Amino acid sequence: MTHVEDELTSQPECWAGAASRAAGYAEVLPAPGERVAIVGCGTSYFMAQAAAALREGAGQGETDAFAASEFPYGRAYDRVVALTRSGTTTEVLDLLGRLKGRTRTTAITADPDAPVRAAADRLAVLDFADERSVVQTRFATTALTLLRAHLGLHPDTAVTDARTALTEPLPEGLVDCAQFTFLGRCWTVGLANEAALKMREASLSWAEAYPAMEYRHGPISVTTSGTATWMIGEAPDGLADQVRSTGGLWIEGRLDPLAELVRAQRLAVAVAAARGLDPDRPRHLTRSVILAH
């Protein structure tokens, strides 16, 4: 079993652990009414997108998401939350350093001894969800689970659905597809972006992601026999039939959206295996991007 396989299968237990710890981090994480930005790089950026949409949609306050390198320093926020598995990513550390003494900052990390400890004002540590793999799976979803639970939006069914996502066979013919499109709505747009990234990282697949209603505005033109369109969350009316009419394979998201992401992670590993690739050694990637200044 590869590291990524071992780690992605541990997600139900990690989510339960994060949910049980959420109350203990209540003072570290954003309070209702705060104006908040959530930042990250790569996978963490897409989790930031999902978390920001969840928080603002829940009426907790205006919440934005940015890639750490694209943070708008001219905007005022009550708190900036950084998601960083390693706690060593250059762009995140640079951002936190520039905000020191100006804006309250919180980092959610897997390593309490990493440089982010000194860079951020407060830490939420999920060391039990740390990973050896370059390709993120359990840390990302566990960090999002912590934020969902903090918002009171972690459903009891999420962990059960994650176990289902790990045991149910993948849809017939899915592994053999040549192109994959993931769709989301509201907070699941970030999950769709992350699912597509997993396919690119682990299996070198042609994979894209869009807000579901935007899919008809051009991207559906690539859909045909031998492609797959996967909806994470509830689909817009008529979209499934429209995809099927192209000859493409339609995958309906039936589980909790975060559990659907687990299914997509499994797909990425399965496609990698079918193509003779090692998902633990993704091309051109390292576990953390550390840049020389």
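All values derive from a computational prediction rather than experimental measurement.

**Student:** What exactly am I supposed to notice about the overall build of the protein here?
**Tutor:** Within the protein, the regular secondary structure consists of 10 helices and 9 strands. Relative to the 2.2 N^0.38 estimate, which gives 19 Å for 293 residues, the radius of gyration of the protein is 18 Å and therefore close to what a compact globule would have. Dimensions along the principal axes, computed over C-alpha positions, put the protein at roughly 55 × 40 × 40 Å. Buried residues in the protein amount to 57% of all 293 residues. Of the contacts made within the protein by residues no fewer than 6 positions apart, 72% connect residues no fewer than 24 positions apart. A total of about 12,200 Å² of accessible surface is found on the protein, and carbon and sulfur atoms cover 50% of it. Side-chain charges of the protein comprise 28 positive and 36 negative groups, with the mean position of each set lying 4 Å from the other.

**Student:** I keep staring at the side chain of Arg79 and nothing clicks. Help me out?
**Tutor:** Along the chain, Arg79 turns up in strand β3 (residues 79-84). A distance of 3.3 Å separates polar atoms of two side chains, one belonging to Arg79 and the other to Thr106. Ignoring sequence-local partners within four residues, the contact set of Arg79 consists of Glu27, Val28, Leu29, Pro30, Glu34, Arg35, Val36, Ala37, Thr103, Arg104 and Thr106.

**Student:** Mind showing me how you'd approach helix α3 (residues 43-57) here?
**Tutor:** Compared with the 21 Å implied by 1.5 Å per residue over 15 residues, the 21 Å span of α3 between its first and last C-alpha is a close match. Burial in α3 covers these residues: Thr43, Ser44, Phe46, Met47, Ala48, Ala50, Ala51, Ala52, Leu54 and Arg55. On its buried face, α3 sits against β1 (36-40), β2 (63-67), β3, α6 (138-150), α8 (188-203) and α10 (257-274). Among the residues trailing α3, Gly59 stands out with phi positive, at a value near 75 degrees.

**Student:** Which parts of the structure should I look at to understand helix α2 (residues 11-21)?
**Tutor:** Since one α-helical turn is 3.6 residues long, residues separated by three or four positions face the same way. Of the residues making up α2, those classed as buried are Gln11, Pro12, Cys14, Trp15, Gly17 and Ala18. Structurally, α2 contributes buried residues whose contacts are with α1 (3-8), α6, α7 (157-167) and α10.

**Student:** Please explain the nonpolar core as it appears in this structure.
**Tutor:** The nonpolar side chains of a soluble globular protein tend to be buried, and buried together. Of all hydrophobic cores here, the largest spans 85 residues; its most connected members are Phe71, Ile108, Leu144, Leu146, Phe180, Phe182 and Leu191. For this core, the leading source of residues is α10, giving 9 residues. Residues within four places of Leu191 in sequence aside, it is in contact with Met47, Ala50, Leu144, Ile232, Pro257, Leu258 and Leu261. Counting residues in hydrophobic clusters, the runner-up holds 9 residues, among them Ala212, Tyr215, Met231 and Val243.

**Student:** Teacher, can you tell me more about unusual backbone geometry here?
**Tutor:** Most peptide bonds adopt trans geometry, and most residues besides glycine take a negative phi value. For Cys186, which is not glycine, the phi dihedral falls at a positive 55 degrees. Its place among the elements puts Cys186 in the loop between β6 (179-184) and α8. Given the relative accessible area of 67%, Cys186 is considered exposed. Unusually for a residue other than glycine, Leu204 sits at a positive phi of about 55 degrees.

The rules we used
- Residues numbered from 1 in each chain as written.
- Predicted model: local features only at pLDDT ≥ 70, side-chain atom pairs only at ≥ 80, totals over all residues.
- Heavy atoms only, no water.
- Helix = DSSP H or I, 4+ residues; strand = E, 2+ residues; numbered from the N terminus.
- Rg over C-alpha atoms; globule rule 2.2 N^0.38 Å.
- Buried < 20%, exposed > 50% of the residue type's maximum accessible area, 1.4 Å probe, protein only.
- Contact = heavy atoms within 4.5 Å.
- Areas by Shrake-Rupley, 256 points an atom, 1.4 Å probe, with all protein chains shown as cover.
- Lys, Arg positive; Asp, Glu negative; His and termini not counted.
- Charge placed at Lys NZ, Arg CZ, Asp CG, Glu CD.
- Polar contact = N/O pair within 3.5 Å; in protein donor to acceptor, adjacent residues only side chain to side chain.
- Expected span 1.5 Å × (residues − 1).
- Core = buried A, V, L, I, M, F, W, Y, C linked by side-chain atoms within 4.5 Å.

Function-wise, these values are silent; they only describe arrangement.
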